[in-house]
Structure formats: C-alpha cells, structure tokens
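# Coordinate inspection notes
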Amino acid sequence: MYFIRRYVEGGQFRKDHVKMDGKVVIITGANTGIGKETALDLARRNAKIYLACRDRKRCEAARQEIIAETGITKIYNRQLDLGSLASVREFAEAFAKEEKHLDVLINNAGVFYLPHSMTADGCEIHMQVNHLGHFLLTHLLLDLLRKAPQGRVVNVSSLAYGNAKIDKDDLHLQKPKNFTKWKAYGNSKLAQILTTQRLAEELKGTNVTVYSLHPGVIYTEIGRNMSIPKILEWLLYPLMVFFINKSLKSGAQTTICCAVDPDLATVSGKYFSDCKEVKYKKLMRQAKDEDTKDFIWRESLRLAKIPSNFSYK
C-alpha cells in the first residue's frame, strides 16, 4: 500500500530552498483546494500573495488560516468573480493601483459539472469561469507581468481536455443534445491549453513565460455539484482514497513547480504533469489541433473584447 500511494501521489517539487522574497503573486480561487495549498507553500517561501476569490468571507477565512500556519502576514483578500468580465476588469484595475509589478499569476479557479447556462457576457459558464475570465485577466495584467524580472502565468488545466469536442458552430453548446457537463468542462480546459501555447508564441522574446498543467485527480470542492448515490460513494471511497486520488498537497505540486522552479525560466507554452513537461508528441490530439487553436484564440479575443492593436511585447 505504501508504494501504491507513493505512485498515486505522483511527482513532488523538492526545491524547498527556492524562496520568493519580494515576489508578488495572484492566485485565483485560493480559498480552498489546490489554490489554498499553493498559497500555503508560496507563503512559506515568503511571497506576497493576493487571494482572488468570489466569496470574500471564505477568502478571509483562508487568509487567516494561511497567516496562522506560516506566520507570513503579506496575504491579501480580494474579490474576483470570473463569471463576470466586469468584475475581472475591476479587479485588474484595482490591483494595478496597489502594485507596480506582478511576478506570478496563477489561474487556478474553476467550476465543474454545472448545468448549461449562459453568463451575462454571452458565454457558457464553464468556458467563461475556467477559461475566458482568466484569459482576460492575463491580458489585463500583462503590463505588470512584463515589469517583473521574470513574469509567469500558470494555467491550472486538466487531463479532462481529452473529453473536449469544440464545435466551431456551437462553442457555447446551445444546440439540442450538444451539451454534456463533461464536454463543457473538457472544452474549457482544452481552451486553456491551446491559448497557453498561442500566448507563449505572442510573448516570445519577452520576460514572461506561460504554462498549463494537469494537477492530478484530487478530491476538492470543485466536484461538489456531482450527485452520486450514497451507496456508490461508500463503495468507491476506498478505491478513490488509496488508488486514484492525490492528496491536496500533492495536487498542488505541479502548480508550485511552474510558479517557482528557476529551471523553467526559459520554458514557455508547455503542458506539465507530475512536475514534468509532457512532450508534444505525447499530448492528445485535441491539444495539437492548430485549426482549433486559431479558432479559440480569435473567439477568446472577441469575447473578452481585447483590442485588435493589443501589444504583447
């Protein structure tokens, strides 16, 4: 059982000696799960961390817990609702008044297994919260990232991108019988990976690098909307605990690696799992579809209302 658990927990980031003194970090969805575990680790490295969450009360509880556990007080509670592009713009505008640079943006927040709905911005809810809100946030903060010695954008995606099937005529899955919760989630995670690749191309030659990653299978609050019969939950629990699920700490390791590892300072646009780069040839076909990449990039720019003359350099 020990060796099975070691295997399930996956790769671990062992460079505890790497500090983040003076570095400014934003983590979305940091009040729980992988986001909070990431914040705890980066706080121990002495980073200055902005917790960007939809629920200010829960965010404050997480902030107090992180301070109590680490003794680091440079932890801040800020409101951000990725389901509203107006909220994203308000957050970015306020942050720019507080800080002169941003070292690391960790796009971690997400939703999963929600029924079909469209946001006020005209986007399917999974696609907006998991991808489009982060896409806009990244663009709005790029100027501050460029002002850091080495800016990083870390997109927490998922292996569930293998469930993606993006329909160019129905991106928001509004056609009859075209929507499934798994497809909606997979599409949003694929969009993160494809735009990570494209953004790295746009930022080539700058001091900003971009990463996407699969954290592993972890039991977190993101799955709270799934309804599983109690008897099935009891039967599956031992299997999930011992043979499938990572711990929260292990689930945060690849995010931490991409945010911290000095050896990745010149790596950009790559997809990571278990603290290692997944080689391009090993990616599933969806993540190598150039036509879909171009389509998602164009649609993301349009939906986020990014100006046509936006400068990445």
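Residues numbered from 1 in each chain as written. Predicted model: local features only at pLDDT ≥ 70, side-chain atom pairs only at ≥ 80, totals over all residues. Heavy atoms only, no water.

## Re helix α5 (residues 125-146)
Applied cut-off: Helix and strand assignments come from DSSP, with helices taken as H or I runs of at least 4 residues and strands as E runs of at least 2, each series counted from the N terminus. A helix's residues, less one, multiplied by 1.5 Å, set its expected span. The seven residues ending at a residue and the seven starting there each receive a fitted axis; the angle between those axes is the bend at that residue. Exposure is judged per residue with a 1.4 Å probe applied to protein chains only, and the accessible area is read against the type maximum: over 50% gives exposed, under 20% gives buried, and values in between give partly exposed.
Under the 1.5 Å per step criterion, the end-to-end length of α5 is 30 Å for 22 residues, consistent within 8% with the ideal 32 Å. At Leu140, α5 is bent by approximately 45 degrees, the largest bend along its length. Of all 22 residues making up α5, 19 are buried, and the element is well covered by its neighbours.

## Overview of the packing of aromatic side chains
Convention followed: Only Phe, Tyr and Trp rings take part, Trp by its six-membered ring, and two of them pair if their centres are within 6.5 Å. Stacked means planes under 30 degrees apart, edge-to-face means over 60, and tilted covers everything else. Our definition puts a charge over a ring when NZ of Lys or CZ of Arg is within 6 Å of the ring centre and also within 35 degrees of the ring normal.
Tallied over the full model, the rule gives twelve aromatic pairs. Linked through ring pairs, Tyr50, Tyr76, Phe91 and Phe95 together constitute an aromatic cluster. The ring of Tyr280 carries the charged tip of Lys288 above its face, separated from the ring centre by 5.8 Å.

## Side note on the pairing of strand β1 (residues 24-28)
What counts is decided by this rule: At least two bridges found by DSSP between two strands is the condition for calling them paired. Seen with the strands pointing away from the viewer, any crossover whose path from the first strand over the helix to the second strand runs clockwise is right-handed.
Judged by how many residues are buried, β1 sits mostly within the fold: five of five residues are covered. Burial of β1 is two-sided: the residues Val24, Ile26 and Thr28 facing one way and the residues Val25 and Ile27 facing the other way are all buried. Two strands pair when backbone bridges link them, and β1 and strand β2 (residues 48-53) are joined in this way by five bridges, in the parallel orientation. Each bridged residue has a counterpart across the sheet, and for Val25 the counterpart in β2 is Ile49. Once you follow β1 into helix α2 (residues 33-44) and on to β2, the crossover reads as right-handed. The sheet contact formed by β1 and strand β4 (residues 104-107) spans three bridges and is parallel. Of the residues in β4, the one forming a bridge with Val25 is Val104.

## Digging into the packing of α2 against helix α9 (residues 253-260)
Put simply, the rule reads: Only C-alpha atoms enter the line fits that serve as axes; for helices the fit covers just the stretch in contact. Angles between N-to-C directions range over 0 to 180 degrees. Working definition: roughly parallel below 35 degrees, roughly antiparallel above 145 degrees, roughly perpendicular at 65 to 115 degrees, and oblique for all remaining angles. Crossing handedness is read from the near helix: turned anticlockwise from the far helix by less than a right angle, it gives a left-handed crossing, and turned clockwise, a right-handed one. Here a residue-residue contact requires only that any non-hydrogen atoms of the pair lie within 4.5 Å. Classification convention: Asp, Glu, Lys, Arg as charged; Ala, Val, Leu, Ile, Met, Phe, Trp, Tyr, Cys, Pro as nonpolar; all other residues, Gly among them, as polar.
Packing of α2 against α9 brings their axes to within 9 Å, and their N-to-C directions diverge by 45 degrees. With respect to α9, the element α2 is oriented oblique. Here α2 runs over α9; the crossing is right-handed. The segment α2 lies against α9, with Ile34, Thr38, Asp41 and Leu42 engaging Thr255, Ile256 and Val260. A class-by-class count of the residues in the contact of α2 with α9 yields four nonpolar, two polar and one charged.

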